[in-house]
Amino acid sequence: MSASTPPAPPGASVPSGAPAPADTPAQTGAATDVPTLLVKIFGKDRPGITAGLFDTLAAYSVDVVDIEQVVTRGRIVLCALITAPPTGLEGSLRATVHSWAESQKLQAEIISGRGDNRPRGLGRSLVTVLGHPLTAESTAAIAASITATGGNIDRIFRLAKYPVTAVEFAVSGTETEPLRTALALEAAALGVDVAVVAAGLHRRAQRLVVMDVDSTLIQDEVIELFAAHAGCEEEVAEVTSAAMRGELDFEQSLHARVSLLAGLDASVVDKVRAEVQLTPGARTLIRTLKRLGYQVGVVSGGFTQVTDDLKERLGLDFAHANTLEIVDGKLTGKVTGEVVDRAGKARLLRRFAHEAGVPLEQTVAIGDGANDLDMLNTAGLGVAFNAKPMVREAAHTAVNVPFLDTVLYLLGITREEVEAADMHLDHE
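Counting from 1, residues in each chain are numbered in the order their sequence is written. Since the coordinates come from a predicted model, pLDDT governs what is reported: local features require at least 70, and pairs of side-chain atoms require 80 or more to be given and counted, while whole-chain, interface and lining totals use all residues. Each side-chain value is worked out from all heavy atoms of the structure, with water and hydrogens disregarded.

Per an unreviewed UniProt entry, the protein chain goes by Phosphoserine phosphatase and derives from Streptomyces longispororuber.

1. What about the UniProt feature "active site" (unreviewed entry) in the protein chain?
UniProt positions are given in the numbering used here, feature names are shortened, and annotations may be inferred rather than shown by experiment. Mapped onto this structure's residue numbering, the UniProt feature "active site" (unreviewed entry) falls at Asp212 and Asp214. In the annotation above, Asp212 and Asp214 are the residues that line the largest cavity. Secondary structure elements are taken from DSSP: a helix is a run of H or I of four residues or more, a strand is a run of E of two residues or more, and numbering for both begins at the N terminus. Here Asp212 shows up in the loop between strand E9 (208-211) and helix H5 (222-230). Each residue's exposure class comes from its accessible area (1.4 Å probe, protein chains only) as a fraction of the maximum for that residue type: buried when under 20%, exposed when over 50%, partly exposed otherwise. Given the relative accessible area of 5%, Asp212 is considered buried. Contacts of Asp212, omitting those with residues within four sequence positions, involve Leu217, Val299, Ser300, Lys345, Ile366, Gly367, Asp368, Asp372 and Met375. For this analysis, a polar contact is any N or O atom pair within 3.5 Å, provided that within protein one partner can donate a hydrogen and the other can accept it, and provided that sequence-adjacent residues contribute only side-chain to side-chain pairs. Separated by 3.2 Å, the side chains of Asp212 and Thr216 make a polar contact. The buried category is assigned to Asp214, whose relative accessible area is 9%. The way it works is a 1 Å grid over only the protein atoms, where trapped points that fit a 1.4 Å probe form a cavity and open points with protein on both sides within 12 Å along at least five of seven lines form a pocket, and then any residue with an atom within 4 Å of a point lines it. Note on contacts: a residue pair qualifies if any of its non-hydrogen atoms lie within 4.5 Å across the two residues.

2. Notes on the environment of Tyr294
Position of Tyr294 relative to the elements: it lies in the loop between helix H9 (282-291) and strand E10 (295-303). On a C-alpha basis, the gap between Tyr294 and Glu224 in space is 32 Å, while along the polypeptide they are 70 residues apart. When residues no more than four places from it in sequence are discounted, the contact partners of Tyr294 are Arg203, Ala205, Gln206, Arg207, Val209, Leu289, Asp317 and Leu411.

3. Some thoughts on the packing of aromatic side chains
Centres within 6.5 Å make a pair out of two Phe, Tyr or Trp rings, where for Trp the six-membered ring is used; the pair is then stacked when the planes are under 30 degrees apart, edge-to-face when over 60, and tilted otherwise. Taken as a whole, this structure holds 2 aromatic pairs when the rule is applied. Between Phe318 and Phe352, the aromatic rings sit 4.7 Å apart at their centres with planes inclined by 15°, giving stacked as the arrangement. Of the two residues, Phe318 is situated in strand E11 (residues 318-327) and Phe352 in helix H11 (residues 342-356); the sequence distance between them amounts to 34 residues. With relative accessibility at 10%, the residue Phe318 sits in the buried group.

4. Some thoughts on the sheet that holds strand E3 (residues 75-83)
The strands making up a sheet are joined through hydrogen bonds of the backbone, oriented either antiparallel or parallel. The pairing criterion is simple: DSSP has to find at least two bridges between the two strands. What the 4 strands build is an open sheet, ordered E2-E3-E1-E4; its pairing is antiparallel. Of all strands in the sheet, those bounded by a partner on one side alone are strand E2 (64-72) and strand E4 (106-114). Taken pair by pair, the neighbouring strands of this sheet meet at an average axis angle of 10°, ignoring direction. Axis geometry follows a simple rule: fit a line to the C-alpha atoms, using only the stretch in contact for helices, then measure angles between N-to-C directions, giving values from 0 to 180 degrees. With respect to the sheet, helix H1 (residues 49-58) is in contact with strand E1 (35-44), E2, E3 and E4, its orientation differing from that of E3 by roughly 25°.

5. Examining the nonpolar core
Residue types Ala, Val, Leu, Ile, Met, Phe, Trp, Tyr and Cys, when buried and joined through side-chain atoms within 4.5 Å, form a set referred to as a nonpolar core. Counting residues in hydrophobic clusters, the biggest one holds 65 residues, and the most contacted among them are Met211, Leu217, Phe226, Phe303 and Ile366. Excluding anything up to four places from it in sequence, Leu217 contacts Met211, Asp212, Leu278, Thr279, Ala282, Ile286, Val298, Leu310, Leu314 and Leu404.

As structure tokens, then:
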């Protein structure tokens, strides 16, 4: 930048990594009101297009202000915002770029303008939309709702194409909470899942993820598995359903159900452990989170006789649940210690976060029942997973597909990144 270059106006966009005086924002001539050209290339993708375009531009001593490239079904759209060439050379640059594009069987468009992109509005959010399938109707409605809140969609990126379609919208110009409220109502009407989180460095920071167990990490209700061996499955299931709907006090319902197990031989514990079925995607979710350096835990209104086994099998960092009392090789029909209820789950989330050294705003909680609500609302991001209606309405976001690893997309992790990590592990 020459000494005569005027300072950049407040809020002007500048290339990352540009040097700046200690007491002033980074400044470049490209970010001020100087002539720039937007060069757009589109057509069939092949290796070498990006290098070819910039080799062509290099002959004109231009600087790169911004680049954006997207490839969809083998078609490339490459946009380069560059400073205008020296006086008298713009016509030659245009002719050369068009000639190069034609030689590559591509189309080119060059638009004159001034300065960089306009500054983005205050407020930054990331909106993740999950559809199974994701329809044009629902996409249009989500986009319209973002606009209605005063937001602008700056970028859209696909995170996954299966087992669900997941896309992420980068939104500016509106605050996260009102955007979340508006999109939650729209999502419920459309039958899609939408998560809204604040953008920023925290998205890439270490996190703690804490899950409920029954009907979340696993497909079963553990007490019902025990009840099947005691011959009282239907009676227990009825009480469990009422408790999960919030119609009964959890602690009272727990004692009532456990009392029906009195007299069961302790050997049934091993049988129940063998019967437990993980939710589809559970192993992928935990494996991927652990590779990223996240810490993962479970809290359960179920029993340590099962959660301790899950902790060991899955490599979890934390686990806490109720404990079935066993005396002389028989279940007594009682639990020992403090009951893990709705408030207890939130307390345990705070404790795990403290032990992990992770601030609460960096925690993620996942659950399905009314007794998970305090935990979901305490976490930085609460995810209602295939949850009861009252839980879906109260949580930050809801996932209503039967794949637990879709939670990864809410954290900005793509399916391609998951598969690449699995392939790398297979080769080790």
